[in-house]
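# A closer look at the structure
Spelled out, the chains give:
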Amino acid sequence: PVPPVLADGDIRLDPGSRVACRAGRRLSLSAKEFAVLEYLLACAGRVVSAEELLERVWDEAADPFTTAVKQTMHRLRAKLGDPPVIATVREGGYQIGEP
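The following refers to the structure shown. Just so we're clear, the structure is a prediction, and the values are computed from it rather than from any experiment.

When helices and strands are counted, the chain shows three helices and six strands. N-terminal to C-terminal, the α/β element order of the chain is β-β-β-β-α-α-α-β-β. The C-alpha atoms of the chain give 13 Å as radius of gyration, which agrees with the globular expectation for 99 residues (13 Å, within 12%). Its C-alpha atoms put the chain at 35 × 30 × 20 Å along the principal axes. With 99 residues in all, the chain has 38% of them scored as buried. Expressed as a percentage of contacts within the chain between residues at least 6 apart in sequence, the contacts between residues at least 24 apart total 47%. Approximately 6100 Å² of the chain is accessible, and the part contributed by carbon and sulfur atoms is 53%. Charge separation in the chain, taken as the distance between the mean sites of 13 positive and 14 negative side-chain charges, equals 5 Å.

Laid out in structure tokens, this is it:
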């Protein structure tokens, strides 16, 4: 089965063809950035912790104290551009779109 296209606002992500766009502009994302964006979109507004991202997007060998999530989020936000669409939730994690 073909995975559904995920969308939020002007962001569209097609897991089948591995293409992500914002406002019709194709984004050049690394595999990790794509996976993080895909997971956030699939969670549809739910707050996702950095630990959950490490479990779901990285492998079991990922160091729980790594800054990989923060660094990947920084690069992903830069590529998505303005206005920002990924919110940092204090004491919670990350969220895309409205809950």
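Sheet architecture is open: four strands sit in the order β1-β2-β3-β4, paired in antiparallel fashion. Of all strands in the sheet, those bounded by a partner on one side alone are β1 (6-8) and β4 (25-26). Here strand β2 (residues 11-14) runs beside strand β3 (residues 19-22); their pairing, made up of four bridges, is antiparallel. Each residue of the ladder has a partner; that of Asp 14, found in β3, is Val 19.

Here we come to helix α3 (residues 68-80). Given 3.6 residues per helical turn, the α-helix brings residues three or four places apart onto the same face. The terminal C-alpha atoms of α3, which comprises 13 residues, lie 18 Å apart, in line with the 18 Å expected from a rise of 1.5 Å per residue. Where α3 is concerned, the buried positions are Ala 68, Val 69, Thr 72, Met 73, Leu 76 and Leu 80. Along α3, the residues classed as buried sweep out an arc of 125° about the axis, all on the same side. Turned more than 90 degrees from where α3 packs its buried face, Lys 70, His 74 and Ala 78 sit exposed. Directly after α3, the chain includes Gly 81, whose backbone phi takes a positive value near 75°.

Another point: the pattern of salt bridges. Opposite charge on two side chains permits pairing when their charged atoms draw close. Under the criterion given, the structure shown has four salt bridges. A salt bridge links Asp 10 to Arg 22; its shortest N-O distance comes to 2.9 Å. Taken together, the residues span a long stretch of sequence, with Asp 10 in the loop between β1 and β2 and Arg 22 in strand β3 at a distance of 12 residues. According to the relative accessible area criterion, Arg 22 is buried, its value standing at 5%.

Thresholds, definitions, all that
Residues numbered from 1 in each chain as written. Predicted model: local features only at pLDDT ≥ 70, side-chain atom pairs only at ≥ 80, totals over all residues. Heavy atoms only, no water. Helix = DSSP H or I, 4+ residues; strand = E, 2+ residues; numbered from the N terminus. Rg over C-alpha atoms; globule rule 2.2 N^0.38 Å. Buried < 20%, exposed > 50% of the residue type's maximum accessible area, 1.4 Å probe, protein only. Contact = heavy atoms within 4.5 Å. Areas by Shrake-Rupley, 256 points an atom, 1.4 Å probe, with all protein chains shown as cover. Lys, Arg positive; Asp, Glu negative; His and termini not counted. Charge placed at Lys NZ, Arg CZ, Asp CG, Glu CD. Pairing = 2+ DSSP bridges. Expected span 1.5 Å × (residues − 1). Arc of directions from axis to C-beta. Salt bridge = Lys/Arg side-chain N within 4 Å of Asp/Glu carboxyl O.

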